[in-house]
Amino acid sequence: MTEENAPSTEKHHQEELPSVLGSKQALEAKTPVLTNRKYQDNFFCTLFKTPKYRRAAYLLMHPEDADVQDFEFQNIELEHIFTIDMYNDICFLVRGRLIILMEHQSTLNYNMPIRLLLYIAEEYKKLFSMKKYKRILYTSSLVELPEPEFYMVYTGKSECPSHLSLSNAFASKRADFLNLSITVYKEQNAEGIIKEFISFISLIKSLAANGTAMKDAIRQAVLQYNSGHEISDFFDGREDVFEMLGESLTLEEMLTLRDEANAEVITEQVTKQVTKQVTKQVTKQVTKQVTKQVTKQNICKAFKMMQSVGISSAAATEAIIKEYQLPKKEVMDILKNA
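The structure presented is a predicted model; accordingly, all values stated were derived computationally and were not measured.

(A) Looking closely at the pairing of strand β6 (residues 181-185). Where strand β4 (residues 147-154) meets β6, 4 bridges bridge the pair, whose relative direction is parallel. Residue pairing for β6: Met-152 is matched across the bridge by Val-184. Both strand β5 (residues 163-165) and β6 contribute to a ladder of 3 bridges, which runs antiparallel. Opposite Ser-165, over in β6, you have Ser-181 as the bridge partner.

Structure, rendered in structure tokens:
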């Protein structure tokens, strides 16, 4: 691309490039949602959509592209809203030849390669459904696709491998006929802005785990990273950081709480079946009672967590109703009696 033909702004460049990626919701089961009216993107998305930090992350992946300019990136806008199961995707096209997909995960999911395989296949399908590409697959010339690369930024506590591979999903474990590999960035192997992001999130979680209120934990972490770090400029004058982080981490904890509750119910059910040899009908009734009790406890805790980071009572109640799929009156009664 000559200098005179190069787009002068990122906006202009976005208009020239085809929109390759679209709605991830087409591939995911319907999930309850909590609309964040002020901030559609969470902290991870907002940070790495910022040109300075997007370029810094990319150069960690491709240091050979040191001359890449901001106008050569195109953020791919995913059509999602802030959900209870939190999609933290970052997608961008680089120089029209690479699609970079970054996912932030706090819990390890070995099925991520399968999900991303279906996702990227759907997006290529959308690309070729565009009018200018519609019949290109039926011509004799080989089609050139932008190459996808997959990365996961992991901030969980459990052990996580350095790569997740699609081949592990096959019984034969063969990778020679179809594979997809996700490079995992953890605190141990990450560098630069990605390492700072992971360390920053880890610090907040550590402070909160030791009894610091979530708001105070976020504030302390921001103060610690407010100068002398690559991420420092991002915090300058951004009060929205507190809301983005507060909602994201609170909902993340709510999901963990939900999973723990489900595990507790299952354990209780199995124990009762083995020790008491109850009939199926009795087991069903016992499980229902245990589930109801655990659900009440977790609804109250989730509600308090969301209120502690400034989420309104109405929004918190709406999120709980959709997450637990309970009638509004039942949820209101649980919160009223808590």
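(B) Spotlight on helix α4 (residues 112-129). End to end, α4 covers 26 Å across 18 residues, agreeing with the expected 26 Å (1.5 Å per residue, within 8%). Buried residues of α4: Met-112, Pro-113, Leu-116, Tyr-119, Ile-120, Glu-123, Tyr-124, Leu-127 and Phe-128, and no others. In this structure, the buried side of α4 is in contact with β2 (89-94), β3 (98-105), β4, β5 and β6.

(C) Inspection of unusual backbone geometry at higher detail. Unlike most non-glycine residues, Arg-95 shows phi in positive territory, near 55°. Tracing the chain through its elements places Arg-95 in the loop between β2 and β3. Under the relative-accessibility criterion, Arg-95 is labelled partly exposed at 27%.

(D) Structural view of the environment of Thr-212. On the secondary structure map, Thr-212 appears in the loop between α5 (192-209) and α6 (214-224). When near neighbours in sequence (up to four residues on either side) are disregarded, Thr-212 contacts Leu-207, Ala-217 and Gln-220.

(E) Examining the packing of aromatic side chains more closely. Going through the model one piece at a time under the given rule, you end up with 15 aromatic pairs. What links up through ring pairs into an aromatic cluster is the set Phe-43, Phe-44, Phe-48, Tyr-53, Phe-197, Phe-200, Tyr-225, Phe-234 and Phe-235.

(F) Representation of the pairing of β4 in the model. In terms of residue burial, β4 counts as a mostly covered element, since 6 of its 8 residues are buried. Inspection of the sheet shows β3 paired to β4 by 8 bridges, in the parallel sense. Bridge assignment links Gln-105 to a residue of β4, and that residue is Tyr-154. After leaving β3, the chain enters α4 and then returns to the sheet as β4, a path that is right-handed.

(G) The pattern of salt bridges, seen in detail. Inspection of the entire model under this criterion finds 7 salt bridges. One connected set of salt bridges, linked through shared partners, spans Asp-65, Asp-67, Glu-72, Arg-95 and Arg-97.

(H) Examining the packing of α5 against α6 more closely. Running from amino to carboxyl end, α5 crosses α6 at an angle of 140°, the nearest separation of the two axes being 9 Å. With respect to each other, α5 and α6 are oriented oblique. The handedness of the crossing between α5 and α6 is right-handed. Between α5, through Phe-200, Leu-203, Ile-204, Leu-207 and Ala-208, and α6, the contact on the second element is made entirely by Met-214, Ala-217, Ile-218, Gln-220, Ala-221, Val-222 and Gln-224. For the contact of α5 with α6, the class distribution of residues is 10 nonpolar, 2 polar and no charged.

(I) The arrangement of the nonpolar core in detail. Within the largest apolar cluster, 44 residues are counted, with the highest numbers of intra-cluster contacts made by Phe-43, Phe-48, Met-102, Ile-194, Phe-197, Phe-200 and Phe-235. Here the element with the most residues in this core is α5; it accounts for 9 residues. Ignoring anything within four residues of it in the chain, the contact list for Phe-197 reads Phe-43, Phe-44, Leu-47, Phe-48, His-104, Val-153 and Thr-155. In this structure, Ile-76, Leu-127, Tyr-154 and Leu-164 belong to the second largest nonpolar core, which totals 22 residues.

Basis of the calculations
- Each chain carries its own residue numbering, running from 1 in the direction its sequence is written.
- Whole-chain, interface and lining totals are the exception, using all residues; otherwise, since this is a predicted model, local features are given only for residues with pLDDT of at least 70 and side-chain atom pairs are given and counted only at 80 or more.
- In computing side-chain properties, one takes all heavy atoms of the structure into account and sets aside hydrogens as well as water.
- Note: two strands are recorded as paired if DSSP finds a minimum of 2 bridges between them.
- The helix and strand labels rest on DSSP assignments: H or I over at least four residues marks a helix, E over at least two residues marks a strand, and numbering proceeds from the N terminus.
- The span expected for a helix works out to 1.5 Å for each residue beyond the first.
- Categorising residues by exposure relies on relative accessible area from a 1.4 Å probe, with only protein chains included: less than 20% of the type maximum marks a residue as buried, more than 50% marks it as exposed, and the intermediate range marks it as partly exposed.
- Two residues form a contact once any of their heavy atoms are found within 4.5 Å.
- We call Phe, Tyr and Trp rings a pair once their centres come within 6.5 Å, taking the six-membered ring for Trp, and we label the pair stacked below 30 degrees between planes, edge-to-face above 60, and tilted otherwise.
- Classification remark: right-handed applies to a crossover when, strands pointing away from the viewer, the course from the first strand over the helix to the second runs clockwise.
- Salt bridges, as used here, are contacts in which a Lys or Arg side-chain nitrogen is within 4 Å of a carboxyl oxygen on Asp or Glu.
- Lines fitted to C-alpha atoms define the axes, with helix axes restricted to the stretch in contact, and inter-axis angles between N-to-C directions lie between 0 and 180 degrees.
- Roughly parallel here means an angle under 35 degrees, roughly antiparallel means over 145, roughly perpendicular means 65 to 115, and every remaining angle is called oblique.
- We call a crossing left-handed when the near helix sits turned anticlockwise from the far one by less than a right angle, and right-handed when that turn is clockwise.
- Any residue that is not Ala, Val, Leu, Ile, Met, Phe, Trp, Tyr, Cys, Pro, Asp, Glu, Lys or Arg is counted as polar, Gly included; the first ten are nonpolar and the last four charged.
- For the purposes of this section, nonpolar cores are sets of buried Ala, Val, Leu, Ile, Met, Phe, Trp, Tyr and Cys residues that join through side-chain atoms within 4.5 Å.

Any link to function would need more than the numbers given here.
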